[in-house]
Amino acid sequence: MKKRAIYPGSFDPITYGHLDIIERGLLLFDEIIVAVADLVGKETLFDIEERVRMVKRTTKNLKGIIVEPFDGLVVDFASKNNIKIILRGLRMISDFEYEFQMALTNRRLAPDIETIFMMPNEKYSYISSRLIKEAASLGGDVSDFVPPYVRKALMKKFKIT
Ligand code: ADP
C-alpha cells in the first residue's frame, strides 16, 4: 500500500523552505498531497488559484506530489482522502507552540490522524512567507528564498520593476 501524507498550509507564496520540507517528506512517503488552504475571511496576498499554480509549478519535477486547494478543517480533508498523516515543517522554537497546539487540537478532532514534523535545511530555517512578502514589498531581493517566477509574481504585486 502507498504511504501517503498531507502537507497543508497557506503557501502565500511557496518558498524554498516549503519545498525543502516537501522533498524531505518524499523520503518517507510515496505520495504527498500539498493542500493549499482557501482561507475564507483571512487576507492573503495571492488568491487561491495563484497559490495553487505556484505550488504546482515549484513541484512539477517531483514524483508523488499532488497539489489541491481545500477549505475547512485539515483533518476533514485528510479523512476524505483517506490519509492518516499530516506533515508540517518546524523552523524555530517559535513555531513550536503554535504547531504543538494545532497538532493536539487536530488529534482531539481526529484521534486516528497523526502529525509529524520535519526540520528544513538550516539555511531555510529562518524564512517565512510573511518575511519574504515584507522584504519584497520594500524592494528587497528574495531570489535566495523563492523560485524565480514567485519572485516575479511578488514584484508584480508590489509594482516593483
Ligand atoms: P500556515 O499558514 O498553515 O502556517 P504556511 O504556508 O506558512 O502555512 O506553512 C505550512 C507549513 O510549512 C507549516 O508547518 C510551516 O511551519 C512550514 N514552513 C513554512 N516555512 C518553512 C520553512 N522555511 N522551513 C520549514 N518549514 C516551513
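Bear in mind the structure is a predicted one, so any value in this text is a computation, not a measurement. (Residues numbered from 1 in each chain as written. Predicted model: local features only at pLDDT ≥ 70, side-chain atom pairs only at ≥ 80, totals over all residues. Heavy atoms only, no water.)

Q: I keep staring at the overall build of the protein and nothing clicks. Help me out?
A: From N to C terminus, the protein includes six helices and five strands. Starting at the N terminus, the α and β elements of the protein follow one another as β-α-β-α-β-α-β-α-β-α-α. Its C-alpha atoms give the protein a radius of gyration of 15 Å, near enough to 15 Å, the size a compact globule of 161 residues would have. Seen through its principal axes, the protein has C-alpha atoms that stretch 50 × 35 × 30 Å. Relative to its full complement of 161 residues, the protein shows a buried share of 43%. Carbon and sulfur atoms form 54% of the exposed surface of the protein, whose accessible area is close to 9600 Å². Positive and negative side-chain charges in the protein, numbering 25 and 22 respectively, have mean positions lying 4 Å apart. (Helix = DSSP H or I, 4+ residues; strand = E, 2+ residues; numbered from the N terminus. Rg over C-alpha atoms; globule rule 2.2 N^0.38 Å. Buried < 20%, exposed > 50% of the residue type's maximum accessible area, 1.4 Å probe, protein only. Areas by Shrake-Rupley, 256 points an atom, 1.4 Å probe, with all protein chains shown as cover. Lys, Arg positive; Asp, Glu negative; His and termini not counted. Charge placed at Lys NZ, Arg CZ, Asp CG, Glu CD.)

Q: Even after reading the chapter, I still don't get a negative patch on the surface, so can you show me in this structure?
A: A contiguous patch of negative charge, built from D38, D47, E49 and D71, is present on the exposed surface. Tracing the sequence through the fold places D38 in the loop between β2 (31–37) and α2 (48–58). Look at D38 and you get partly exposed, because its relative accessible area is 32%. (Patch = residues over 30% accessible without salt bridge, like charges linked within 9 Å, V, L, I, M, F, W, Y side chains within 5 Å. Salt bridge = Lys/Arg side-chain N within 4 Å of Asp/Glu carboxyl O.)

Q: Would you explain helix α4 (residues 93–109) in this entry?
A: Residue pairs three or four apart in sequence face the same way in an α-helix, which turns once every 3.6 residues. Taking 1.5 Å of rise per residue, 17 residues should cover 24 Å, and α4 covers 25 Å from first to last C-alpha, within 8% of that figure. Residues of α4 that are buried: D95, E99, A103 and N106. (Expected span 1.5 Å × (residues − 1).)

Q: Would you explain the layout of surface pockets in this entry?
A: Empty pockets left among the atoms are what a rolling probe the size of a water molecule brings to light. By volume, the largest pocket amounts to about 1200 Å³. Lining the largest pocket are 47 residues, with G9, S10, R88, R91 and Y98 positioned closest to its centre. When residues in the lining of the largest pocket are grouped by element, the largest group, nine residues, is from α4. Of the residues that constitute the lining of the largest pocket, the class distribution is 21 nonpolar, 15 polar and eleven charged. Taken as a whole, the second largest pocket holds about 220 Å³ of empty space. Lining the second largest pocket are F46, E50, R53, M54, R57, Y149, A153, K156 and K157. Of the residues assigned to the lining of the second largest pocket, the class counts are four nonpolar, no polar and five charged. (1 Å grid on protein atoms, 1.4 Å probe; cavity = no way out; pocket = protein on both sides within 12 Å on 5 of 7 lines; lining within 4 Å. Points joined across faces, edges and corners; volume = space filled by probe spheres on them. Nonpolar A, V, L, I, M, F, W, Y, C, P; charged D, E, K, R; others polar.)

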